[in-house]
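These are the residues of each chain, in order.
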Amino acid sequence: MRVLITGGAGFIGSHLCERFLDEGHEVLAMDNLLTGSTDNIAHLSGNERFRFIKHDISNYIYVAGPIDAIMHFASPASPIDYLELPIQTLKVGALGTHNALGLAMAKGARFLLASTSEVYGDPLIHPQPETYWGNVNPVGPRGVYDEAKRFAEAITMAYNRYHGLQTRIVRIFNTYGPRMRLNDGRVVPNFIQQALRQEPLTVYGDGQQTRSFQFVGDLVEGLYRLLHSDEVEPVNIGNPHEFTIREFAELVNQLTENPAGIVVKPELRIQDDPQTRQPDISKARRILDWEPRVPLAEGIKLTVPYFRDELQKLGQLPTVADQAPTHG
Ligand code: UDP
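Reading the values: rules and limits
Along every chain, residues carry numbers that run from 1 in the direction the sequence is written. The predicted nature of this model means local features are confined to residues of pLDDT at least 70 and side-chain atom pairs, given and counted, to a pLDDT of 80 or more, with totals for whole chains, interfaces and linings taken over all residues. Derived side-chain values reflect all non-hydrogen atoms in the structure, with water molecules and hydrogen atoms excluded from consideration. Strands are runs of DSSP state E lasting at least two residues, helices are runs of H or I lasting at least four, and both sets are numbered from the N terminus onward. Here, residues are in contact when the closest pair of their heavy atoms is within 4.5 Å. Being near a molecule or strand, for a residue, means having at least one of its heavy atoms within 4 Å of it. N or O atoms closer than or at 3.5 Å make up a polar contact, with two conditions inside protein: a donor-capable atom paired with an acceptor-capable one, and, for residues adjacent in sequence, both atoms drawn from side chains. Each accessible area value is a Shrake-Rupley result obtained with a 1.4 Å probe; residue values ignore everything except the protein chains displayed when judging cover. Under the convention adopted here, Pro, Cys and the residues Ala, Val, Leu, Ile, Met, Phe, Trp and Tyr are nonpolar, Asp, Glu, Lys and Arg are charged, and Gly plus all remaining residues are polar. As a rule, the C-alpha atoms of each element are fitted with a line to give its axis, helices using only the stretch in contact, and angles between N-to-C directions run from 0 to 180 degrees. Relative orientations are named as follows: roughly parallel for angles under 35 degrees, roughly antiparallel for angles over 145 degrees, roughly perpendicular for angles from 65 to 115 degrees, and oblique for any other angle. Here is the rule for handedness: rotate from the far helix to the near one, and if that takes an anticlockwise turn smaller than a right angle the crossing is left-handed, while a clockwise turn gives right-handed. Take the buried Ala, Val, Leu, Ile, Met, Phe, Trp, Tyr and Cys residues and link them wherever side-chain atoms come within 4.5 Å; each set so joined is a nonpolar core. For the exposure calls, accessible area comes from a 1.4 Å probe over protein chains only, and a residue counts as buried if that area is under 20% of its type's maximum, exposed if over 50%, partly exposed in between. Pairs were defined over the aromatic rings of Phe, Tyr and Trp, the Trp ring being its six-membered one, requiring ring centres within 6.5 Å. Orientation was assigned from the angle between planes: stacked under 30 degrees, edge-to-face over 60, tilted for the rest. By definition here, charges over rings are those cases where NZ of Lys or CZ of Arg is within 6 Å of the ring centre and within 35 degrees of the ring normal. Two strands are counted as paired when DSSP detects at least two bridges linking them.

Caption draft 1: Quick look at the environment of V235. Within the secondary structure layout, V235 lies in strand β11 (residues 235-237). Residues V235 and P79, 156 residues apart in the sequence, show an inter-C-alpha distance of 22 Å. Discounting residues that sit within four places of it in the chain, V235 has contacts with E130, I169, V170, R171, L226, K283, A284, I287 and L288.

Caption draft 2: Up close: the site of the ligand. Around the ligand, 17 residues are found, and the nearest of them are V187, T202, Y204, R211 and D273. T202 is positioned such that a nitrogen or oxygen atom in its backbone is 2.6 Å from a nitrogen atom of the ligand. For the ligand, whose unbound accessible area comes to 520 Å², protein coverage reaches 95%. Secondary-structure elements contributing two or more residues to the shell around the ligand are α5 (187-196) and β8 (201-204). Broken down by class, the residue content of the shell around the ligand amounts to 6 nonpolar, 5 polar and 6 charged.

Caption draft 3: Just the packing of α5 against helix α9 (residues 296-313), in detail. Where α5 contacts α9, the axes come no closer than 10 Å and their chain directions differ by 65°. The angle between α5 and α9 falls in the class roughly perpendicular. The way α5 lies across α9 gives a crossing that is right-handed. Touching V188, P189, I192, Q193 and L196 of α5 are I300, T303, V304, F307, R308 and L311, all from α9. In terms of residue class, the contact of α5 with α9 is made up of 8 nonpolar, 2 polar and 1 charged.

Caption draft 4: Representation of unusual backbone geometry. A cis amide bond, omega -10°, links H126 with the succeeding residue P127. In this fold, P127 is placed in the loop between β5 (110-116) and α4 (143-163). Phi at L33 takes a positive value of approximately 65°, unusual for a residue other than glycine. Within the secondary structure, L33 sits in the loop between β2 (26-31) and β3 (50-54).

Caption draft 5: Region of the structure containing the nonpolar core. Counting residues in each nonpolar core, the largest one holds 60 residues, and the members touching the most others are F20, M71, F73 and L223. Per-element tally for this core: the top contributor is helix α6 (residues 216-227), with 7 residues. Beyond its immediate chain neighbours, meaning those up to four positions away, L223 contacts I12, L16, M71, F73, L112 and V170.

Caption draft 6: Structural view of the packing of aromatic side chains. Per the counting criterion, the structure on display carries 8 aromatic pairs. Between Y120 and F173 the ring centres are 6.1 Å apart and the planes differ by 35°, which places this aromatic pair in the tilted class. Within this pair, whereas Y120 is found in the loop between β5 and α4, its partner F173 is found in the loop between β6 (167-172) and β7 (175-176), the two being separated by 53 residues in sequence. One aromatic cluster is present, formed by Y120, Y132 and F173 through successive ring pairs. Positioned above the aromatic ring of Y224, the side-chain terminus of R19 is 4.4 Å from the ring centre.

Caption draft 7: How the structure looks around the sheet that holds β6. If you walk across this open sheet you meet the 7 strands as β3-β2-β1-β4-β5-β6-β11, and the pairing is parallel. Two strands in the sheet have a free side with no partner beyond their single neighbour: β3 and β11. Neighbouring strand axes in the sheet, compared pairwise and without regard to direction, differ in orientation by 20° on average. Strand direction decides the pairing type here: β5 and β6, joined by 6 bridges, are parallel. When the sheet's bridge partners are listed, F111 is paired in β6 with T167. Here helix α1 (residues 11-22) sits on the sheet and contacts β1 (2-6), β2, β3 and β4 (69-72); the angle it forms with β1, its principal contact strand, is near 170°.

Caption draft 8: Main features of the environment of K54. If you trace the backbone, K54 turns up in strand β3. Taking the C-alpha atoms as reference points, K54 and H43, separated by 11 residues in sequence, lie 17 Å from one another. Residue contacts for K54: discarding those within four places in its chain leaves D31, N32 and L33.

In structure tokens form, the structure reads like this:
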């Protein structure tokens, strides 16, 4: 296959590029580098089956030659990113998805949309099955992302129903792993960096809100299976093991032996921050024979070395001298 991955220089996109190359396919990674980085794909540049195209897909997309599949992953995805980039987030979710669908039509390509657990908003049903319609505030600060993704799902289904395009929709729940941006503001990069710097972890609100974290390798396996399945309706891909943010902070401190503890920051919690989030993955288990394999503690251990290297490059790790006990 010749596969186009929009957002290919992003966190998830770059892992997808690797997976498709490993399977022997040809990969075109497209990204405007607004939140993605060529650092994430630099190691692929020597591969003759890989090509990077710098382009903002909110504008008309031109690609020469055939395309068999489009994995549509371009979007700011962290709450602080889409708060800072509200118009770009709406544009890439709406115009970008429209352009990517148009390209899929022109090339006769199968199209997979990266949607999100945010379509469920601050959910009133727990855990969330795909049949739940969600509880989204369209005019709140998170609405720019949530509504763009809801629109993206609607237009993807319209292309399927009206044009007969082969489409797939994945609703991705909180995912972590190497190549998350240091300053993307999400809880995993924040906590791991703070722990490595031996600073207290910043728990927003009271820390009783929950999330269910999946390792990126598990997600990529689910995406690969979904693309090759026949399922047109949305499918949740996430790890159902749920933690409060406070429990998660304690786990990170324990795994990194951070003595600095936790600091509670109620004022930093973003408006409409979901109180709970846990995927119901019965459908993925049933139709894809998929479930996550990597427990949180193991996945965090696989992720810490990436952040340690990044902080080392920036000279932001405590030195041995900083850590030496002081003798009076
Ligand atoms: N959060 C936190 N401390 C941080 C960053 C985030 O307590 O340094 C909380 C945030 O308020 C939310 C949860 O962690 O309840 C997950 O936030 P994140 O930004 O990772 O993504 P979200 O799941 O909200 O999209």
